[in-house]
Amino acid sequence: MSIRVVADDQEPVRSGFSMILEAQRDIEVVAQAGDGAEAVAAVRRHAPDVLLLDIRMPVIDGLEAARQVGAQSACRVVVLTTLDLDEYVYEALYAGASGFLLKDVRRDDLVHAVRVVAADDSLLAPTVTRRLVADIVRRRREEAAAEVAPRRLEVLTAREEETLRLLARGPSDAEIATTLFVSEHTVKTHVSNVLGKLGLRDRVQAVICAYETGLVTPGAP
């Protein structure tokens, strides 16, 4: 049975999310936390599969909590945010979060997201996530262009590089397979190779890498 911890400094939000998740047969909420420190302690105590974590938290903010959880456990972190917190989303992804949800997420989308992350995948919303990451990485590239070298991708084969390019656009494995005229299994193999060669944790970080290295240009079709 999968185990979850919900952390949010707003009790109504925390309780609402917990009720939605508890209604699922395959989901158990074992703890709730009102601040970042409580969230980290709850992860140590219960060893959950997934932590839902608000970015703006008292005592320890969500970014630092995500870093500590990632360093101390195998727990996957999904951060909760609003559209006006783009920079925080970027930092959360680099802190090790496997994805993020908007605070007004629909019930079914919340449940789906938790199951996806629990299955060791990352949460890449084809629209919102791609737009946020593209915009933030564009600004970061302008600030640190000298530190980001396109040659980082030289370890990839031509097909792996093309897979990364497509992955950054947000399509499903099936859609990438159709574009490349290969099977979904082959696409998964290419993605796995990309992550391994570039030292990336998951697909979220792969998307960031694609934008940072200039493989994909924000706003381009």
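Just above, that's the structure.
Draft legend 1. Quick look at the overall build of the protein chain. If you tally the helices and strands in the protein chain, you get 10 helices and five strands. By residue count, 48% of the 221 residues in the protein chain fall in the buried class.

Draft legend 2. Representation of the packing of helix α7 (residues 158-167) against helix α8 (residues 173-180) within the structure. At a minimum axis distance of 10 Å, the contact between α7 and α8 shows a crossing angle of 135°. The orientation of α7 relative to α8 falls into the category oblique. Viewed along their axes, α7 and α8 form a crossing whose handedness is right-handed. The residues of α8 that touch α7, namely those facing R159, E162, T163, L166 and L167, are I176, T179 and L180. Here the contact of α7 with α8 is composed, by residue class, of four nonpolar, two polar and two charged.

Draft legend 3. Representation of the nonpolar core. Within the largest apolar cluster, 24 residues are counted, with the highest numbers of intra-cluster contacts made by A7, L51, L53, V69, V77 and V79. Elements supplying a minimum of two residues to this core: β1 (2-7), β2 (27-33), α2 (36-46), β3 (50-54), α3 (62-72) and β4 (76-81). Excluding anything up to four places from it in sequence, A7 contacts A33, A39, L51, L52, L53, D54 and M57.

Draft legend 4. The arrangement of the environment of R169 in detail. For R169, the location among the structural elements is in the loop between α7 and α8. A relative accessible area of 25% places R169 in the partly exposed class.

Draft legend 5. Layout of α8. D173, I176, A177 and L180 are the residues of α8 that are buried. All buried residues of α8 fall inside an arc of 100° around its axis, so they share one side. Contacts made by the buried residues of α8 are with α7, α9 (184-198) and α10 (203-212). The positive-phi residue at the C-terminal boundary of α8 is F181, with phi of around 60°.

Draft legend 6. Examining the pattern of salt bridges more closely. One pass over the full model with this rule turns up nine salt bridges. With a closest N to O distance of 3.7 Å, R165 and E161 form a salt bridge. Of the two residues, R165 and E161 are both situated in helix α7; the distance of four residues between them amounts to about one turn of the helix. A residue is classified by how much of its surface remains accessible, and R165, at 29% relative accessible area, is partly exposed. Its relative accessible area of 26% is what places E161 among the partly exposed residues. With a shortest N-O distance of 3.0 Å, K188 and D173 are connected by a salt bridge. With K188 in helix α9 and D173 in helix α8, this residue pair connects regions lying 15 residues apart in the sequence.

Draft legend 7. Focus on α9. Compared with the 21 Å implied by 1.5 Å per residue over 15 residues, the 21 Å span of α9 between its first and last C-alpha is a close match. In the core, the buried residues of α9 are packed alongside α7, α8 and α10. Note on α9: the residue one or two positions beyond its end, G199, has a positive phi of about 65°.

Draft legend 8. Broad picture of the side chain of D173. When its relative accessible area of 10% is taken as the criterion, D173 is described as buried. The contacts of D173, once residues within four sequence positions are left out, are E184, V187, K188 and R203.

Conventions adopted
- Residues numbered from 1 in each chain as written.
- Predicted model: local features only at pLDDT ≥ 70, side-chain atom pairs only at ≥ 80, totals over all residues.
- Heavy atoms only, no water.
- Helix = DSSP H or I, 4+ residues; strand = E, 2+ residues; numbered from the N terminus.
- Buried < 20%, exposed > 50% of the residue type's maximum accessible area, 1.4 Å probe, protein only.
- Axes fitted to C-alpha atoms, helices over the stretch in contact; angles between N-to-C directions.
- Parallel < 35°, antiparallel > 145°, perpendicular 65-115°, else oblique.
- Left-handed = near helix turned anticlockwise from the far one by under 90°.
- Contact = heavy atoms within 4.5 Å.
- Nonpolar A, V, L, I, M, F, W, Y, C, P; charged D, E, K, R; others polar.
- Core = buried A, V, L, I, M, F, W, Y, C linked by side-chain atoms within 4.5 Å.
- Arc of directions from axis to C-beta.
- Salt bridge = Lys/Arg side-chain N within 4 Å of Asp/Glu carboxyl O.
- Expected span 1.5 Å × (residues − 1).

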